[in-house]
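Structure assessment
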Amino acid sequence: MNSPDTIALDDDVRIISRKLSKGFMSPDELAKSLKGLQDVEELGEYFDPEAEEEETEEAEASTEADEA
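Residues numbered from 1 in each chain as written. Predicted model: local features only at pLDDT ≥ 70, side-chain atom pairs only at ≥ 80, totals over all residues. Heavy atoms only, no water.

Some thoughts on the overall build of the protein
Here is the rule: The helix count covers DSSP runs of H or I at least four residues long, the strand count covers runs of E at least two residues long, and both are numbered beginning at the N terminus. Any residue under 20% of the maximum accessible area for its type is buried, any over 50% is exposed, and the rest in between are partly exposed; the area is computed with a 1.4 Å probe on protein chains only. In short, Shrake-Rupley with a 1.4 Å probe defines the accessible areas, and a residue's cover is counted only from the protein chains shown.
Secondary structure summary: the protein contains 3 helices and 0 strands in total. Listed N to C, the secondary structure of the protein is α-α-α in terms of helices and strands. Sorting the 68 residues of the protein into buried and exposed places 7% on the buried side. In the form shown here, the protein has an accessible surface area of approximately 6,200 Å², with 50% of it arising from carbon and sulfur atoms.

Dropping the structure here:
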């Protein structure tokens, strides 16, 4: 199995999808390819832009309070 940093080009989901849409790969070959891929979902991080803005506003408010 490949680590997330060293995924073989043939295992890239975008390339597999392109091969399937162009008819270079059958649905059976697709199932075999996807079965062998590592699940890296738990390695991802959730990014909430609204939460970041709130944290920045809170940090600015505490800085202003410290200066006063």
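We are not done yet, so read on.
Things to note about the confidence of the model for the protein
Note the cut-off: Each residue carries a pLDDT value, the predictor's own confidence for that position, ranging from 0 to 100.
Summary statistics for the protein give a mean pLDDT of 75 and a share of 71% for residues scoring 70 or more. When mean pLDDT is taken per element in the protein, helix H1 (residues 13–22) scores highest with 86 and helix H3 (residues 49–67) scores lowest with 68.

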